[in-house]
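Secondary and tertiary structure notes
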Amino acid sequence: MCIRDSNQRVQLRDIENAHQGRIHAMVISSDSSKVITGGSDGKIRVRSLPEGDLLYEIEHDPSISTMTLTISQGGKYLFAEKRRSIYVYDLETKSLFQKIYEAHNNDEIKFLKMTSDDKNLISVTLSEIKIWSLPNLELKHTFWNRTINSMISFAITSDNKYLITGSYDGQIGVWSLEQRQLVYIEAKTRYFSQLESLSISNDNKLLVTGSGDGTVNLWDFNSRPSEELVKFTFEDAYQKHQDKNTENNLISY
């Protein structure tokens, strides 16, 4: 595990044996004071930044690998995916708070993400999207995916209005949190290649998709996802967004 200064591009510290085995998940607190890691040893470890000193660890079940981590903006709750289940940890008491969900045997949790307003936790499996309200951690809504085959990439717009998913068969799905439904499917890329990654600019106008065949596509999202997404080139994107420096303002999930 390495800690680097992104401004000076220098390595600050190299931490050996941060976990026994692979580190599957990592998240930084909103105030950038802590980094939290989860590994195949089943442990969740909290370290200080930028020093990298171990502050404490949370051990729930060492036989279960931690695959995904996300943290509430306020820093109170940590959400972890372990063996197709979502566990909630209270970082103030440094202990397990509760288990809120377990996926079906033929499904798996691919993503966990907090909305930027700290009001909702989003969990994405291959077949469904669940919205959990905070702070009561109650299930608010389930999007059943009967149209798009196997969601494998995911992003949230910065205004927390839309979820965007990419699938194995190349389709882009746009889901409205306000309307609680799938509002648009972009099928132009269907059967081309699986969409393994998605990014959305902070102004919610530029969507970037990465495919399994090595192709990167740019789309004019333009905050109107119910209309047709317009595909354009890197040159078009630069001309359209250079005043706002959007090309340096992308967020990856």
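The preceding data block contains the structure.
The rules behind these values
- Residues numbered from 1 in each chain as written.
- Predicted model: local features only at pLDDT ≥ 70, side-chain atom pairs only at ≥ 80, totals over all residues.
- Heavy atoms only, no water.
- Phe/Tyr/Trp six-rings, centres within 6.5 Å; stacked < 30°, edge-to-face > 60°.
- Helix = DSSP H or I, 4+ residues; strand = E, 2+ residues; numbered from the N terminus.
- Buried < 20%, exposed > 50% of the residue type's maximum accessible area, 1.4 Å probe, protein only.
- Lys NZ or Arg CZ within 6 Å of the ring centre and 35° of its normal.
- Salt bridge = Lys/Arg side-chain N within 4 Å of Asp/Glu carboxyl O.
- Pairing = 2+ DSSP bridges.
- Axes fitted to C-alpha atoms, helices over the stretch in contact; angles between N-to-C directions.
- Contact = heavy atoms within 4.5 Å.

1. Quick word on the packing of aromatic side chains
Enumeration according to the criterion identifies 6 aromatic pairs in this entry. Considering the side-chain rings of Y77 and F97, the 5.5 Å spacing of their centres and the 50 degrees angle between planes classify their relative orientation as tilted. In this pair, Y77 is assigned in strand β8 (residues 77-82) and F97 in strand β10 (residues 95-102), connecting sequence segments 20 residues apart. According to the relative accessible area criterion, Y77 is buried, its value standing at 9%. Owing to a relative accessible area of 40%, F97 belongs among the partly exposed residues under this scheme. A ring pair is formed by Y162 and F221, whose centres lie 6.3 Å apart and whose planes are at 75 degrees; its orientation type is edge-to-face. Within this pair, whereas Y162 is found in strand β16 (residues 162-167), its partner F221 is found in the loop between β21 (216-220) and β22 (230-232), the two being separated by 59 residues in sequence. Put simply, the rings of Y77, F79 and F97 pair up and form one aromatic cluster. The aromatic ring of Y77 is capped on one face by K76, whose charged end is 5.2 Å from the ring centroid. A cation sits over an aromatic face here: K94 above Y56, 4.8 Å from the ring centre.

2. Description of the pattern of salt bridges
Counted according to the given criterion, the structure contains 6 salt bridges. Between E92 and K76 there is a salt bridge whose closest N-O contact spans 3.3 Å. One end of the pair, E92, is in the loop between β9 (85-90) and β10; the other, K76, is in the loop between β7 (68-71) and β8, and 16 residues separate them in sequence. When its relative accessible area of 58% is taken as the criterion, E92 is described as exposed.

3. Remarks on the sheet that holds strand β4 (residues 34-39)
The 4 strands lie next to each other as β3-β4-β5-β6, forming an open sheet whose pairing is antiparallel. With one partner strand each, in any of the chains shown, β3 (23-28) and β6 (54-59) form the two edges of the open sheet. Going from strand to strand, the sheet's axes swing by 20 degrees on average, the running direction of each strand aside. Sheet topology note: the β4/strand β5 (residues 43-48) ladder contains 5 bridges and is antiparallel. Counterpart to V35 in the pairing with β5 is R47.

4. Quick word on the pairing of β21
Counting buried positions along β21 yields 4 of 5 residues, so the element is predominantly enclosed. The pairing of strand β20 (residues 206-211) with β21 spans 5 bridges and is classified as antiparallel. In the strand pairing of β21, L207 is matched with W219. Linking β20 to β21, which pair antiparallel, is a turn of 4 residues; within it G214 sits at a positive phi near 90 degrees.

5. Observations regarding the environment of S153
With respect to the helices and strands, the residue S153 is situated in strand β15 (residues 151-156). Taking the C-alpha atoms as reference, S153 lies 9.1 Å from V124; in sequence the two are 29 residues apart. In this structure S153 touches F111, I164, T165, G166, L195, E196, S197 and L198, once residues within four positions along its chain are discounted.

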